[in-house]
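# Per-entry structural report
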Amino acid sequence: MAWGFESDEDVAQELDWVETFVREQVEPVDHVVEHAWNPRDPVRNALIKPLQQVVREHDLWACHLGPELGGKGYGQLRLALLNEKLGRTHSGPVVFGCQAPDSGNAEILAHYGSEHLRRTYLDPLVAGDIVSCFSMTEPHGGSDPTGFRTTARPDGDEWVITGEKWFSSHALFAEFLIVMAVTEPDAPAHRSMSMFVVPADSPGLERIRDVSVWGHEEPVGTHQYLRYNDVRVPAENLLGERGEGFAVAQTRLGGGRIHHAMRTVGLVQSAFEMMKRRAVSRTSKGTRLADKQLVQEMIADSWIQLEQFRLLVLRTAWRIDQYNDYKRVRADIAAVKAAMPRVLSDVAGRAIQIHGSLGISKELPFGKWVMESFHMGLADGATEVHKVNLAQALLRGTEPDDGLFPPYIRPTMEAQARRRFAEVLAEAGDEGEPR
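The shown structure was predicted, so the numbers you read here are calculated from the model rather than taken from an experiment. (Residues numbered from 1 in each chain as written. Predicted model: local features only at pLDDT ≥ 70, side-chain atom pairs only at ≥ 80, totals over all residues. Heavy atoms only, no water.)

## Section: the side chain of Ser194
Here is the rule we go by: Each helix corresponds to a stretch of at least 4 residues labelled H or I by DSSP, and each strand to a stretch of at least 2 residues labelled E; elements are numbered beginning at the N terminus. Burial classes follow relative accessibility: with a 1.4 Å probe on protein chains only, a residue under 20% of its type's maximum area counts as buried, one over 50% as exposed, and anything between as partly exposed. Residue contacts follow a heavy-atom distance rule, with two residues in contact if any of their heavy atoms lie within 4.5 Å.
Structurally, Ser194 is set in strand β5 (residues 193–199). Owing to a relative accessible area of 0%, Ser194 belongs among the buried residues under this scheme. Other than its neighbours up to four places away in sequence, Ser194 contacts Val179, Met180, Ala181, Thr183, Glu184, Leu238, Glu241, Arg242, Gly243, Glu244 and Gly245.

Quick look at the structure:
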C-alpha cells in the first residue's frame, strides 16, 4: 500500500511556481477584468492571453485533458493540488485553460462528439479561443431533471428543440450550448433524454432575460433564461445515443463537482489567511484580536473545517484515480459536494466577524463568498439531494436486526462473551456476578 502526504519534488516545484504566478500575476488581473470568461472583451484578452501563453510555455495548459487533446492528462489528485492554487482567483482557471463549464463540456465533446463537432467546437474550446454553455436546468426542474419539459423531435436529418432553459451560465458569450432535452417521452425517466450541441447563433434561440446573482457586480447578468423556439440542429449534433442524456451528463458532472470542490479549498484558504492577518494586526482594548479567546476559537474552528474538507477532497480525488470510475466514488463526491457550501460559508462568515464593518463592506470579498456558498449549495444538484444520495449509499447493504432489542446492547454482548470464555472464566474463579 502506498500512501503519503508529500508531493514528489518535481510536483512540489511546479506547485510553488503556480502559487507564485497566481499571486503575483493572476490575482491583480481580477481587479480590472469584468468577466474572465468573455473572449469578446478586449481588456480581458489584452491581460489574460499573455498569461495563458506563459502557462503554455510552462506546459501547464488544460492539465485535466489527455495529451491527445492538448493537455497533460493529470490524475485527479494532482489536479486537486493544482486547483487549490487557482481557486483563490476569478481568472486563474481561465488562465490555465481548465475553467467550468468548458472543461466538462470538452470532455463530453471528446467522448461523444462527431469528427465534425470535435473539429468545429472542441479544438477551439481546448485552445481557449471560445467558451461554451451547459444548458440543462429548467424553470420547472433543477435538481430533479426527470421533470424537464424541453423536447427534441427528429425531422428528417435534423432535430427540432422546443422549450425553456433557466440559468444557462455564460450563454451570453458562448459559441455553442450543450442542451439536454426529452427525446423518448415514453421511456423510463433516466432513459428519456438526449444531449445536443446547439450553435449560439441558431435561429429560434431566444434570450428571454439575463439573470444576475447577488455578490457579482456585473453590468449584464451572465446566467441566461433561454427559450428554444423550434431550434433546428443537424442530426449529427446528437451527443451519444438517443436516450443517453443522463449517462452523457455524468461524464462531466462527477468531475465537475470534485473540481469545483478543489477550487473551493483555495477560496477558503484565502479567507483563512486574511482572517489570521487581521487577527494579528488589529487591537481592541489594548490587546490584539489574536489574543482574545473567542477569536482564537474562530481561527481554530476554521482551520479544522478547512483541513477536514481538504483531506476529504484529496482522498476522493485519490479514489477516482485508483478506480477510474466515477460511479464507484459517487458517495464520496456527494459528501464533498454536501460539505463544500458550509465550509465556505462558515469560514467567510468568521472572517467577516473578525474584520468588523470592513468585513461587510464591498472593499473585501467575504460577503460575495458567503453568497457564493449558497450558489454552491444549488449548482450541480442541491446539497439536500447529495445528502440523501450519500445516506442511501451508506445504508445500502446494512441488514436490519431482528428482535425487540438490538443485539449489540450490553446484556446480550456480555452473555455472548461469557458463553465464549466460560472455561477460562471458571478456571479464573469468575462466578459470573453482574458488573
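And the narrative resumes.
## A word on the pairing of strand β1 (residues 132–135)
We count it as follows: A pair of strands is labelled paired if DSSP reports no fewer than 2 bridges between them.
Here β1 shows two buried faces, one formed by Ser132 and Phe134 and the other by Cys133 and Ser135. Direction of pairing for β1 relative to strand β4 (residues 176–182): parallel, over a ladder of four bridges. Residue pairing across strands places Phe134 opposite Ile178, the latter belonging to β4.

## Some words on the confidence of the model for the chain
The predicted coordinates should not be examined in detail at positions where pLDDT is low. Note the cut-off: Note on scores: pLDDT gives the predictor's confidence for each residue, bounded by 0 and 100.
This prediction gives the chain a mean pLDDT of 94; 98% of its residues lie at or above 70. The element-level mean pLDDT for the chain is lowest in helix α7 (residues 245–281), coming to 91, with helix α2 (residues 42–57) highest at 98.

## Quick word on the nonpolar core
Note the following rule: Nine residue types can take part in a nonpolar core, namely buried Ala, Val, Leu, Ile, Met, Phe, Trp, Tyr and Cys, and a core is a set of them joined through side-chain atoms within 4.5 Å.
Of all hydrophobic cores here, the largest spans 90 residues; its most connected members are Phe96, Leu109 and Met195. Per-element accounting of this core gives the leading share, 14 residues, to α7. Apart from the residues lying within four places of it in its own chain, the contact partners of Met195 are Ile108, Phe134, Ile178, Val179, Met180, Asn237, Leu238, Leu239, Gly245, Val248 and Ala249. Membership of the second largest hydrophobic core comes to 17 residues, among which are Ile161, Ala171, Val231 and Leu238.

## A word on the packing of aromatic side chains
We count it as follows: When the centres of two rings from Phe, Tyr and Trp lie within 6.5 Å, Trp using its six-membered ring, the rings pair. Their planes under 30 degrees apart give stacked, over 60 give edge-to-face, and anything left gives tilted. Comment: the charge-over-ring label is applied if NZ (Lys) or CZ (Arg) is within 6 Å of the ring centre and within 35 degrees of the ring normal.
Following the criterion strictly, the structure yields seven aromatic pairs and no others. Between Trp17 and Phe21, the ring centres sit 4.8 Å apart and the planes meet at 10°, which makes this aromatic pair stacked. Here Trp17 and its partner Phe21 are both found in helix α1 (residues 9–30), four residues apart, which amounts to about one turn of the helix. Trp17 sits in the partly exposed class, given a relative accessible area of 24%. Here Phe21 falls in the buried class, since its relative accessible area comes to 7%. Of the aromatic side chains, those joined through ring pairs into one cluster are Trp17, Phe21 and Phe96. Just above the ring of Trp61 sits the side chain of Arg56; from NZ or CZ to the centre is 4.0 Å. A cation over a ring is seen here: Arg78 above Tyr74, with NZ or CZ 4.0 Å from the ring centre.

## Some remarks on the UniProt feature "domain: Acyl-CoA oxidase/dehydrogenase middle" (unreviewed entry) in the chain
So the rule is basically this: UniProt positions are given in the numbering used here, feature names are shortened, and annotations may be inferred rather than shown by experiment.
If you check UniProt for "domain: Acyl-CoA oxidase/dehydrogenase middle" (unreviewed entry), the listed places come out as residues 133–217 in our numbering. Secondary structure across residues 133–217 divides into 0% helix and 48% strand, with the first and last C-alpha atoms of the span separated by 20 Å.

## A few points about the pairing of strand β2 (residues 151–155)
Pairing of β2 with strand β3 (residues 158–169) involves five bridges; the strand directions are antiparallel. Among the inter-strand pairings, Ala152 is bridged to a residue of β3, identified as Ile161. Between β2 and β3, which follow one another and run antiparallel, lie two residues, and Gly156 among them has a positive phi close to 65°.

## Section: unusual backbone geometry
Cis rather than trans, the peptide bond between Ala100 and Pro101 has omega equal to 0°. Looking at the secondary structure, you find Pro101 in the loop between α4 (92–95) and α5 (102–112). In the Ramachandran plot, Lys285 falls in the positive-phi region, its phi being about 55° despite a non-glycine side chain. Following the sequence through the fold, Lys285 ends up in the loop between β9 (283–284) and β10 (287–288). Non-glycine residue Asn324 carries a positive phi angle of around 50°. Residue classification places Asn324 among the exposed residues on the basis of a relative accessible area of 72%.

## Focus: the environment of Gly113
Counting through the fold element by element, Gly113 comes out in the loop between α5 and α6 (115–127). Overall, the relative accessible area of 8% leaves Gly113 in the buried class. Here Gly113 is in contact with Ile108, Arg118 and Leu239, once residues within four sequence places are set aside.

## Some details on the environment of Tyr121
Mapping Tyr121 onto the fold places it in helix α6. A C-alpha to C-alpha distance of 7.7 Å links Tyr121 and Phe176, two positions 55 residues apart in sequence. Leave out the neighbours within four places in its chain, and Tyr121 touches Leu109, Ile130, Glu175, Phe176, Val197 and Pro199.

## As for the side chain of Arg44
To be explicit about the condition: In this tally, Lys and Arg are treated as positive and Asp and Glu as negative; His is ignored, and so are the chain termini. A pairing counts as a salt bridge when a side-chain nitrogen of Lys or Arg comes within 4 Å of a carboxyl oxygen of Asp or Glu. We call two N or O atoms a polar contact when they sit within 3.5 Å, provided that within protein one can donate a hydrogen and the other can accept it, with sequence-adjacent residues counted only if both atoms are side-chain atoms.
If you trace the backbone, Arg44 turns up in helix α2. Although Arg44 lies buried, it forms no salt bridge, and the closest oppositely charged side chain, Asp41, sits 6.9 Å away as judged by the N-O distance. Polar side-chain contacts of Arg44 include one of 2.8 Å to the side chain of Asn45. Apart from the residues lying within four places of it in its own chain, the contact partners of Arg44 are Val33, His35, Ala36, Trp37, Asn38, Pro39, Lys49, Gln52 and Val94.

## Regarding α1
Using the following cut-off: To estimate how far a helix should reach, multiply one less than its number of residues by 1.5 Å.
Look at α1: 30 Å from first C-alpha to last across 22 residues, which is about the 32 Å you get at 1.5 Å a residue. Of the residues making up α1, those classed as buried are Val11, Glu14, Leu15, Val18, Phe21, Val22, Val26 and Val29. Of the surrounding secondary structure, the elements contacted by the buried residues of α1 are α2, α3 (76–86) and α4.

## A few points about the packing of helix α8 (residues 293–323) against helix α9 (residues 330–355)
As a reminder, the rule being used: In this analysis, axes come from line fits to C-alpha atoms, helices being fitted only over the stretch in contact, and the angle between any two N-to-C directions falls in the range 0 to 180 degrees. Oblique is the label for any angle not under 35 degrees, not over 145, and not in the 65 to 115 range, which are roughly parallel, roughly antiparallel and roughly perpendicular in turn. Helix crossings are classified by the rotation of the near helix relative to the far one: an anticlockwise turn of less than a right angle makes the crossing left-handed, while a clockwise turn makes it right-handed. Each residue gets one of three labels, nonpolar for Ala, Val, Leu, Ile, Met, Phe, Trp, Tyr, Cys and Pro, charged for Asp, Glu, Lys and Arg, and polar for the others, Gly among them.
Direction vectors running N to C along α8 and α9 enclose 155°, while the axes themselves pass 10 Å from each other. Viewed along their axes, α8 and α9 adopt a mutual orientation that is roughly antiparallel. For α8 against α9, the interelement crossing comes out left-handed. Here the residues of the contact of α8 with α9 sort into 15 nonpolar, four polar and seven charged.

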